[in-house]
Amino acid sequence: MIKDNKAVSDIEEYEKLEGWEQITLGQQLSNWAQNYSDRIAFVENSSEITYEELNKRVDDLAFGLLEIGIKKGDRVILQLPNRISFAETFFALVRIGAIPIMALPAHRENELDGICQAGAPTAYIIPEKYMKYEYEKLADLLKEKHSFLKYIIVDGYSDSYYMLKNIRGEKREFPKVDCNDTALLLLSGGTTGIPKLIPRTHADYAYNAKMAAIRSGFNKNTVNLAILPVSHNFPLANPGILGAMTFGGKTIMCSTTSPDEVFPLIEEFGATCMSLVPALVTLYMETLEWDKENDISSLQVVQVGGAMFEESLARNVISVMDCKLQQVFGTAEGIVCMTKLEDDEDTICTCQGTPISEADVLKIVNAEGKEVPTGEYGELIMKGPYTIKGYYKAPEQNKLSFTADGYYKTGDKARFTKAGMLQMAGRIKEQINRAGEKITPAEIEKYLCKHPRIKEAAVVGISDKELGNRSCAFIITEDTEISLAEIHTFLSELGLARYKIPDQLERIEGWPLTNMGKIDKQKLVLSAEKAKGL
């Protein structure tokens, strides 16, 4: 990581970075097809496709998209699950300069209506059915509400709309696309209603994926198991499917997150890497306690990101799965930090590492925007070659989210260790203000997990007339007798300040999760309030 006074400041300087390529994602695929022609790029169930075959099918689909009327610059909602058709469609869109908006399969009318308002898409690409949900009804609703939505394309059978498998066209010259053009629009995490759209360029996104792949040790023998929805930034490019393709690796498309599907795929295809959120790690570790049938010894690296990862669980991953653990902190807006495979266990289990590019610039600042000393917590702000300068057509939001000198304000609480490692501590807005004292939930969660009978913990703040906010700890435990009084004694003996000790304790059998598998703390707040009759 370079200091601010040496920061790379413009695109001409970024282009000099090692690993930066001035070509589009569509051109990248052509190069990969030439370099890795007969190597398998993707596997889905019993189907597989080579790099050369993928490139040809992308061309055919791209010609067809142009023929039906989709043009360079058109925004297109892409809501396909983990299938080979996702890769074909994504690359066909970027090859003609159309801009996919990366919707998750779990998104429904509320989220998609907001996406339509923000992005004014021309087309909407959906599966016929996924996880028993029929998407055409959703398309009907959106098309009726938004006149700019002209083309509905269905991956499967449809009486009413274009079928993806039938979209083919006559060979023609593709539109000219520049590597600095917007390639795709990612969605800001945790958004409901009108989302923020995150514009990533061809060059910056390819650089992002490549540098993450290098940090993760990807090579031609990498077998990447795509479990999380690949329309999300983490499994798409950190390093994800794009990182695997950069070095001629193979990606196995996993249709669900169930261990009943995941573990047999690891054994069948010899998966070497998978990326997970902490909630899935917990599920898989619990399954491994009794599942002795599946051989997962091929796993070399398990990446974990997307939410706070408890230290004791991290150590269990290393011992139980017998592989390297890599912690990942990244934002769809840009900078990615990762531990290194050669880092010591303490570093890997307690830190989120360092940025993947020498040109990334990170600062930890206080409420006044001034840098805090090493070891102190503050807000993480950042800028760099693959970090956006602003959200898509959102000038008012940009005034709030970016500093005058171009830093993106993450809203995350963090600090640097003396060794220069990044340590995250959750979202600043999750901070609990209890009678004027500030409480960081991640700190309390860490202490709670030191209790021998607590498997996992999550702490939230809820309104209180006298205190302003009070804290509620949710715990997963097999001990039904554990009490708030016992927790108070335990935390006091660990030396925790009295105001940090939870005011309320609730047991929970499993976490409510967001679309991306993160713990849904808003639902925990509602549950805590209901438990107290608020």
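Remember, it's a predicted structure, so these values are computed and weren't measured experimentally. For every chain, the first residue of the written sequence is number 1, and numbering continues from 1 along that sequence. Given that this is a predicted model, residues contribute local features only at a pLDDT of at least 70 and side-chain atom pairs are listed and counted only at 80 or more, while totals for whole chains, interfaces and linings are drawn from all residues. To obtain the side-chain values, all non-hydrogen atoms of the structure were used and water was disregarded.

Enquirer: Is there a simple way to think about the overall build of the chain in this case?
Expert: Strands here are runs of E lasting at least two residues and helices are runs of H or I lasting at least four, both read from the DSSP assignment and numbered beginning at the N terminus. Scanning the chain for helices and strands turns up 17 helices and 27 strands. When we talk radius of gyration, it's over C-alpha atoms, and the globule rule is simply 2.2 Å times the number of residues to the 0.38. Against the globule reference of 24 Å for 534 residues, the chain gives a C-alpha radius of gyration of 23 Å, in line with a compact fold. Projected onto the principal axes, the alpha-carbon positions of the chain cover approximately 75 × 55 × 50 Å. Burial status follows relative accessibility: with a 1.4 Å probe on protein chains alone, a residue under 20% of its type maximum counts as buried, one over 50% as exposed, and anything between as partly exposed. When each of the 534 residues of the chain is scored for burial, the buried share is 57%. Working rule for contacts: check all heavy atoms of both residues, and any pair within 4.5 Å makes them a contact. Long-range pairs, those at least 24 residues apart, make up 68% of the contacts in the chain with a sequence separation of at least 6.

Enquirer: So what exactly am I meant to see when it comes to the packing of helix α2 (residues 25–35) against helix α3 (residues 51–68) here?
Expert: For any two helices packed against each other, the geometry comes down to the angle between their axes and how far apart the axes lie. Angles here are taken between N-to-C directions and fall from 0 to 180 degrees, while the axes themselves are lines fitted to C-alpha atoms, restricted in helices to the stretch in contact. Between α2 and α3, whose axes approach to 8 Å, the crossing angle comes to 145 degrees. In terms of crossing hand, the pair formed by α2 and α3 is left-handed. Where α2 approaches α3, its residues Leu29, Ser30, Trp32 and Ala33 are matched on the opposing element by Tyr51, Glu52, Leu54, Asn55 and Val58. By residue class, the composition of the contact of α2 with α3 is 6 nonpolar, 2 polar and 1 charged. Handedness of a helix crossing follows the sense of rotation of the near helix relative to the far helix, less than a right angle counterclockwise being left-handed and clockwise being right-handed. Charged residues are taken to be Asp, Glu, Lys and Arg, nonpolar residues to be Ala, Val, Leu, Ile, Met, Phe, Trp, Tyr, Cys and Pro, and polar residues to be all remaining types, Gly included.

Enquirer: Just checking my understanding: could you explain the pattern of salt bridges for this structure?
Expert: A side chain of one charge can pair with a side chain of the opposite charge when the charged atoms of the two come close. Counted as salt bridges are all cases of a side-chain nitrogen of Lys or Arg within 4 Å of a carboxyl oxygen of Asp or Glu. Scanning the entire structure with this criterion turns up 28 salt bridges. Glu88 serves as the salt-bridge partner of Arg57, at 2.4 Å between the closest nitrogen and oxygen. Taken together, the residues span a long stretch of sequence, with Arg57 in helix α3 and Glu88 in helix α4 (residues 84–96) at a distance of 31 residues. The partly exposed category is assigned to Arg57, whose relative accessible area is 35%.

Enquirer: What is the right way to read the sheet that holds strand β26 (residues 468–476) from this model?
Expert: Through backbone hydrogen bonds, the strands of a sheet pair up, either in parallel or in antiparallel fashion. The mixed open sheet is built from 3 strands, whose spatial order is β25-β26-β27. Strands at the two margins of the open sheet, each flanked by one partner only, are β25 (456–464) and β27 (504–507). Adjacent strand axes in the sheet meet at a mean angle of 25 degrees, parallel and antiparallel pairs treated alike. We treat two strands as partners when DSSP finds at least two bridges between them.

Enquirer: It is not clear to me how the side chain of Glu261 should be interpreted in this structure. Could you clarify?
Expert: Secondary-structure assignment places Glu261 in helix α10 (residues 259–269). Buried and unpaired, Glu261 has Arg83 as its nearest opposite-charge partner, separated by 10 Å. Within the local environment of Glu261, its side chain forms a polar contact with the backbone nitrogen of Ser255, the two atoms lying 3.0 Å apart. With near-sequence residues (within four places) excluded, Glu261 lies in contact with Cys254, Ser255 and Thr256. Charged residues are defined narrowly, with Lys and Arg counted positive, Asp and Glu counted negative, and His plus the chain ends left uncounted. Definition of a polar contact: a pair of N or O atoms within 3.5 Å, with one able to donate and the other able to accept a hydrogen when the atoms are protein atoms, and with sequence-neighbouring residues admitted only if both atoms are side-chain atoms.

Enquirer: Looking at this model, I keep getting lost on the environment of Glu67. Mind explaining?
Expert: With respect to the element layout, Glu67 can be found in helix α3. Separated by 102 residues in the primary sequence, Glu67 and Gly169 place their C-alpha atoms 5.9 Å from one another. Apart from residues lying up to four places away in sequence, Glu67 is in contact with Arg168, Gly169, Glu170 and Arg172.

Enquirer: Which parts of the structure should I look at to understand unusual backbone geometry?
Expert: For residues besides glycine, phi is generally negative; the peptide bonds are generally trans as well. Backbone torsion omega between Asn238 and Pro239 reads -10 degrees, so that peptide bond is classified as cis. Its location among the elements puts Pro239 in the loop between α8 (233–237) and α9 (240–246). Although it is not a glycine, Ala120 adopts a positive phi angle of roughly 45 degrees. Topologically, Ala120 is positioned in the loop between α5 (109–119) and β5 (123–127).

Enquirer: What am I meant to see in the pairing of strand β20 (residues 378–383) here?
Expert: Along any regular strand the residues' side chains alternate between the sheet's two faces. Extensive coverage of β20 is indicated by the burial of 5 of its 6 residues. Sheet analysis places strand β19 (residues 361–365) next to β20, joined by 5 bridges and oriented antiparallel. Bridge pairing in β20 places Ile364 opposite Leu380. Summarising the sheet, β20 and strand β21 (residues 408–416) pair through 4 bridges and their orientation is antiparallel. Across the sheet, residue Ile381 finds its bridge partner in β21, namely Lys409.

Enquirer: Explain the sheet that holds strand β13 (residues 250–253) here, please?
Expert: Read across the sheet, 9 strands follow the order β2-β1-β13-β12-β14-β15-β16-β17-β18 without closing on themselves; strand pairing throughout is mixed. Since the sheet does not close on itself, it has two edges, and those belong to β2 (47–50) and β18 (354–355), each with one partner. The sheet contact formed by strand β12 (residues 223–226) and strand β14 (residues 273–276) spans 2 bridges and is parallel. The residue of β14 that forms the bridge with Leu225 is Met274. Contacting β1 (40–44), β12, β13 and β14, α10 crosses the sheet at an angle of about 165 degrees to β12. Of the strands in this sheet, β14 and β15 (301–305) touch helix α11 (residues 278–288), which is tilted by about 120 degrees from β14.

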